[in-house]
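A look at the structure
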Amino acid sequence: MNDNISEQEKNLMDRIEKALENDEFIPFYQPQYDATTGKLVSAEALARWITPDGGIVSPAEFIPCAEKTDLITKIDWAILNAVCRFQKKRIDEKHRCVPVAVNFSRKHTAEPFFRQKLNETVDSYGIPHNLIEVELTESAMMNDSEAIVNLVSEIRNDGFNVAIDDFGSGLSSLSLVKDISANVLKIDRSLLSGNCESEKERIVLESIFAFAHRLKLTTIAEGVETREQLGFLRTCDCRLIQGFLFAKPMPEQDFGKACSQRFCDDYNEDILITQPHASVTSLIMEAVFTKFPLVIMANLTRNSYYMTAYENFSATSCPSTGVFDELIQHGASTMHPDDRELFRTTFSVDNLMEAYKRGEKFVKIVTRQLGDDGVYRKVETTDFFVQNPSVDDVLVVTLCQNLD
Ligand code: C2E
Ligand code: MG
Ligand code: MG
């Protein structure tokens, strides 16, 4: 036992010990919802101490003290048992079941037979392993990285989901996230302000979600309280939402009802609010194609192009990818004889490169182009200089629209 323990703490420890004997620690369940559909898909079990007089003591009052000794591990096993019992009951009664995450203190990482005990406990209820998720805080993973990386791989191979809890709350090690085979990343609520309006905050969050998704981690935002936060998290393609906005931690019976009900009460079906980022982009593209029937991307540095033709347009009779110079030659040949030279020189690679170096944002001309019906029509062609952060190549997006 730790020597730095005050009389007051010793007293609390005795009470925790007795409370454990009396099964006074029970899980409350906080649902986790799909950020896009509002469907309840999983939950986290959070310990509550129900005193004999019916009072509810929150973890802040007993976890720090329990963590000074092995009492915390006893609480965690008690919660796991209660969750397994709940899942077993749901299965037996043929109710809808969802995975439930159980918090495991960093103390377990030093427990010799942790993995064995986890398997034995869950198996003793005969429930599938994927109905239990093991939540480890990022600080637990900082202790002995190699041992933790191995432990997490083994637990994952046993069929349990593993979540990294409170990511971003402390000294997160990105290399640990890279090496560890956890499949869920819980982003700590300390990274979210009331309305996520600070640019730096947005950049940090967007980057976390981007790397997490590339590492194929399921992302959960914790502590979501406002619609503004939800709206922003959706633009980051955040997968799951856990927070007071949708539901507070609740007793087993209420959670059972919420689970069967499937969707959160407050789900907003407005597509503008619920759509992921990719859908926003495709809607914007639809609007762009309505105004500009021909959109071409070109890489001037490599003399190449990529054509996105939406509707029939006279210039689309050439291949959709190829050499940019050849595209311009082809384009010029479809113009009125008096406009050909202007078109050719304006959009030559050399001319565009010079405009780019002068700091122009775009190059635009209007020419007459022959349509399939043999009639010349005015066409406006604009080359916008754009940048891709991962290359130094000079890129342009060409938008063509009919003026007649
Ligand atoms: P945690 O694992 O990060 O759990 C999330 C905490 O955030 C919970 O606090 C939850 O009630 C709270 N929370 C969720 N949504 C919101 C929100 O929208 N706004 C705000 N302000 N808070 C929100 P709780 O239940 O008080 O638990 C606190 C911490 O105690 C947990 O943080 C976890 O680290 C620890 N804990 C709870 N139960 C257990 C347990 O069974 N074992 C272990 N080892 N630790 C536990
Ligand atoms: Mg947790
Ligand atoms: Mg957390």
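Residues numbered from 1 in each chain as written. Chains lettered and ligands numbered in written order. Predicted model: local features only at pLDDT ≥ 70, side-chain atom pairs only at ≥ 80, totals over all residues. Heavy atoms only, no water.

In terms of regular secondary structure, the protein chain is built from 15 helices and 15 strands. In terms of overall dimensions, the protein chain is more spread out than a globule: its C-alpha atoms have a radius of gyration of 30 Å, far above the 22 Å expected for 404 residues. Dimensions along the principal axes, computed over C-alpha positions, put the protein chain at roughly 95 × 40 × 35 Å. Across the 404 residues in the protein chain, those meeting the buried criterion constitute 45%. Of the roughly 20,900 Å² that the protein chain leaves accessible, carbon and sulfur atoms contribute 51%. (Helix = DSSP H or I, 4+ residues; strand = E, 2+ residues; numbered from the N terminus. Rg over C-alpha atoms; globule rule 2.2 N^0.38 Å. Buried < 20%, exposed > 50% of the residue type's maximum accessible area, 1.4 Å probe, protein only. Areas by Shrake-Rupley, 256 points an atom, 1.4 Å probe, with all protein chains shown as cover.)

Our focus in this paragraph is the coordination of the magnesium ion (ligand 2). Tetrahedral coordination by four donors sets the ideal angle at the metal to 109.5 degrees; octahedral coordination by six donors sets it to 90 or 180 degrees. For the magnesium ion (ligand 2), the full set of protein donor atoms is Glu44 (OE), Asn103 (OD1), Glu135 (OE) and Asp165 (OD), at a range of 2.0 to 2.3 Å. If you look at the magnesium ion (ligand 2) and the magnesium ion (ligand 3), they sit 4.0 Å from each other and are both ligated by aspartate 165. Here glutamate 44 is found in strand 2 (residues 40-50), whereas its partner asparagine 103 is found in strand 4 (residues 100-104), with 59 residues between them in sequence. (Donors = N, O, S within 2.8 Å, 3.2 Å for Na, K, Ca; no water.)

Here we take up unusual backbone geometry. Non-glycine residue aspartate 23 carries a positive phi angle of around 55 degrees. Summarising the element assignment, aspartate 23 is placed in the loop between helix 1 (7-21) and strand 1 (25-34). In this model, asparagine 303 sits at a positive phi of 55 degrees, which is unusual for a non-glycine residue. Tracing the backbone shows asparagine 303 in the loop between strand 10 (294-299) and strand 11 (304-309). Take asparagine 303: its relative accessible area is 23%, and that puts it in the partly exposed class.

Before going further, it helps to spend a moment on the site of ligand 1. Inspection of the region around ligand 1 gives 23 residues, with Arg48, Asp76, Arg189, Glu225 and Phe244 positioned closest. In this structure, glutamate 44 approaches ligand 1 through a side-chain N or O atom, which is 2.9 Å from an oxygen atom. Within the contact set of ligand 1, an oxygen atom lies 2.8 Å away from a side-chain nitrogen or oxygen of arginine 48. Within the complex, 82% of the 800 Å² of free accessible area of ligand 1 lies under protein. The cavity where ligand 1 resides is the largest pocket. Of all the elements in the fold, those that place two or more residues in the shell around ligand 1 are strand 2, helix 2 (59-66), helix 3 (71-92) and strand 6 (161-167). The element contributing the most residues to the shell around ligand 1 is strand 2, with four residues. (Near = heavy atom within 4 Å. Polar contact = N/O pair within 3.5 Å; in protein donor to acceptor, adjacent residues only side chain to side chain. 1 Å grid on protein atoms, 1.4 Å probe; cavity = no way out; pocket = protein on both sides within 12 Å on 5 of 7 lines; lining within 4 Å. Sits in = over half its atoms within 2 Å of the grid points.)

This brings us to the nonpolar core. One finds Ile16, Ile75, Leu80, Phe104, Leu118 and Phe255 to be the most contacted residues of the largest nonpolar core, which totals 79 residues. For this core, the element with the most residues is helix 3, which contributes nine residues. Once residues lying within four places of it in the same chain are set aside, the contact partners of phenylalanine 104 are Asp76, Trp77, Leu80, Phe114, Leu118, Val134, Glu135 and Leu136. Tyr305, Leu327, Val349 and Cys400 belong to the second largest nonpolar core, which has 24 residues in total. (Core = buried A, V, L, I, M, F, W, Y, C linked by side-chain atoms within 4.5 Å. Contact = heavy atoms within 4.5 Å.)

To continue, consider the layout of surface pockets. In this model, the largest pocket occupies a volume close to 950 Å³. In terms of lining residues, the largest pocket is bounded by 35 residues, among which Glu44, Leu46, Asn103, Asp165 and Asp166 are the most central. With five residues, strand 2 is the largest single contributor of residues to the lining of the largest pocket. Looking at side-chain class alone, the lining of the largest pocket contains 14 nonpolar, nine polar and twelve charged residues. Taken as a whole, the second largest pocket encloses approximately 210 Å³ of empty space. Secondary structure elements with two or more residues in the lining of the second largest pocket: strand 1 and helix 3. Element by element, the count of residues in the lining of the second largest pocket is highest for helix 3, at four residues. Among the residues forming the lining of the second largest pocket, the class breakdown is seven nonpolar, one polar and three charged. (Points joined across faces, edges and corners; volume = space filled by probe spheres on them. Nonpolar A, V, L, I, M, F, W, Y, C, P; charged D, E, K, R; others polar.)

The analysis is restricted to geometry; functional conclusions fall outside its scope.
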